[in-house]
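# Coordinate inspection notes
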Number of protein chains: 2
Amino acid sequence: MKPFPLNKAFTFLEPGPVVLVTTADGGRYNIMTLSWTMVLDFSPRFAFMTGPWNYSCKALLKTKECVIAIPTVDMSKTVVSIGACSGAEVNKFEKFHLTPLEAKCVDAPLIRECYANIECRVIDYIKKHGIFVLDAMAAWIDEKRKEKRLFHAIGDGRFIADGEKFSHRKIMREKLPEGV
Amino acid sequence: MKPFPLNKAFTFLEPGPVVLVTTADGGRYNIMTLSWTMVLDFSPRFAFMTGPWNYSCKALLKTKECVIAIPTVDMSKTVVSIGACSGAEVNKFEKFHLTPLEAKCVDAPLIRECYANIECRVIDYIKKHGIFVLDAMAAWIDEKRKEKRLFHAIGDGRFIADGEKFSHRKIMREKLPEGV
């Protein structure tokens with residue numbers, strides 16, 4: 001994993017892909033699958049929603065840290081399976097043969113097999129809606145992997161892989177944050 | 001536009017596409033382009049982020065209503081252009097040759113040219129983070145249109161069209177909401 005510019009880290013969340021979120025609770029690693037995320041600011045600041053029925057919620061509230069890992073379409077079966085079982089019963093890194101790597105700013109681990117990893121600190125929790133607000137502190141990318149397409153949940157058990165890319169940079173020029 | 005089941009309306013936002021949001025402020029229609037959205041609940045409940053620098057923000061706070069319209073990839077140039085100008089200066093329906101249709105539950109209009117439209121009521125506003133929380137009240141679909149691929153912002157002026165669809169319904173079966 002190579003360092004990735006923090007001011008561009010929002011570009012991994014902006015397209016709305018399915019992501020993985022890792023936590024470390026007293027040295028115990030866990031992973032959850034999440035589709036309910038959004039960007040809040042280019043700084044970057046993110047929001048995601050999860051509830052107390054989710055085992056990771058407790059660790060997030062306790063440690064106020066996590067890593068948002070960005071999986072690619074070749075990992076979709078693993079990612080969906082991670083979301084279908086609970087960290088209360090399973091060591092997900094072991095079960096799904098994923099490799100935890102030490103992060104720089106947080107105790108939660110990076111996931112070696114993912115395309116990118118973003119270390120985050122929880123800066124607010126809106127309990128009423130289950131919304132976590134997070135600031136990114138460091139970002140990492142695996143530039144060498146071949147499969148770079150992310151994938152998106154439809155919500156009915158089906159998913160969509162990234163298709164063709166196209167540009168409207170000229171129209172958007174004045175709206176883009178500096179250096180992006 | 002045909003009525004679309006409300007319990008499945010979240011499937012238009014879940015993949016994280018670029019959307020349009022219409023408002024009606026004293027009979028004056030406006031449209032904004034938005035990528036910072038997420039699902040909060042299957043009911044469906046949504047969140048999106050926009051700030052007071054956005055002309056639509058005032059109308060949202062005043063009327064507490066909007067329509068989230070779902071454009072397809074063939075509309076991308078129009079959608080990006082809508083985001084590059086302000087409703088303070090331009091009548092966007094006229095400028096971009098879009099057709100407002102009367103909604104059922106809100107004064108904000110549906111957009112005839114979009115694939116789907118979701119009528120929403122603002123139920124909360126978290127000013128500190130610029131987060132609007134919305135409940136959907138009615139949903140509509142144009143089943144006859146040929147192009148149904150949505151598209152996603154990367155955030156650097158580039159976009160990604162929906163690619164191939166695939167299913168993990170068997171793995172997810174127990175996690176799917178009823179009837180979806």
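How each quantity is defined
- Residues numbered from 1 in each chain as written.
- Chains lettered and ligands numbered in written order.
- Predicted model: local features only at pLDDT ≥ 70, side-chain atom pairs only at ≥ 80, totals over all residues.
- Heavy atoms only, no water.
- Pairing = 2+ DSSP bridges.
- Helix = DSSP H or I, 4+ residues; strand = E, 2+ residues; numbered from the N terminus.
- Least-squares fit on C-alpha atoms with pLDDT ≥ 70 in both.
- Contact = heavy atoms within 4.5 Å.
- Axes fitted to C-alpha atoms, helices over the stretch in contact; angles between N-to-C directions.
- Disulfide = S-S within 2.5 Å.
- Buried < 20%, exposed > 50% of the residue type's maximum accessible area, 1.4 Å probe, protein only.
- Patch = residues over 30% accessible without salt bridge, like charges linked within 9 Å, V, L, I, M, F, W, Y side chains within 5 Å.
- Areas by Shrake-Rupley, 256 points an atom, 1.4 Å probe, with all protein chains shown as cover.
- Salt bridge = Lys/Arg side-chain N within 4 Å of Asp/Glu carboxyl O.
- Lys, Arg positive; Asp, Glu negative; His and termini not counted.
- Charge placed at Lys NZ, Arg CZ, Asp CG, Glu CD.
- pLDDT = per-residue confidence, 0-100.

## Concerning the pairing of strand E12 (residues 158-167) of chain A
By the bridge criterion, 3 bridges tie strand E11 (residues 151-153) of chain A to E12 of chain A in an arrangement that is antiparallel. Residue pairing in the sheet places Ala153 of chain A in a bridge with Phe159 of chain A of E12 of chain A. Counted between consecutive antiparallel strands, the loop separating E11 of chain A from E12 of chain A contains 4 residues, among which Gly155 of chain A sits at a positive phi close to 110°. Bridging between E12 of chain A and strand E12 (residues 158-167) of chain B involves 7 bridges; their strand directions are antiparallel. Each bridged residue has a counterpart across the sheet, and for Phe166 of chain A the counterpart in E12 of chain B is Phe159 of chain B.

## What to know about the relation of the copies chain A and chain B
Its rotation angle being 180°, the transformation that places chain A on chain B also includes 0.0 Å of axial translation and leaves an RMSD of 0.0 Å. These values place the two chain copies in the arrangement generated by a two-fold rotation axis. Of the residues that chain A buries at the interface, 100% are likewise interface residues in chain B, meaning the two copies contact each other through the same surface.

## Digging into the sheet that holds E11 of chain A
Taken together, the 4 strands give an open sheet; going across it, the order is E11(A)-E12(A)-E12(B)-E11(B), and neighbouring strands pair in antiparallel fashion. The strands lining the two open edges of the sheet, one partner per strand, are E11 of chain A together with strand E11 (151-153) of chain B. Sheet twist, expressed as the average angle between the axes of neighbouring strands with direction ignored, equals 40°.

## Examining the state of the cysteines
Residue and element names in this part refer to chain A. A complete count under the given rule lists 0 disulfides over all chains for this structure. As a non-bridged cysteine, Cys57 has Cys66 as the owner of its nearest cysteine sulfur, 11 Å distant. On the basis of relative accessibility, which here comes to 2%, the residue Cys57 falls in the buried class. Note on Cys66: no disulfide assigned, nearest cysteine sulfur contributed by Cys120 at a separation of 4.9 Å.

## Digging into a positive patch on the surface
All names here are of chain A. Positive charge collects at one region of the surface, where Lys8, Arg169, Lys170 and Arg173 lie side by side. Here Lys8 is to be found in the loop between strand E1 (2-3) and strand E2 (19-25). Judged by its relative accessible area of 31%, Lys8 falls in the partly exposed class.

## Quick word on the confidence of the model for chain A
Confidence along chain A averages 97 in pLDDT terms, with 100% of residues attaining 70 or more. Reported confidences for the modelled complex are a pTM of 0.97 and an ipTM of 0.96.

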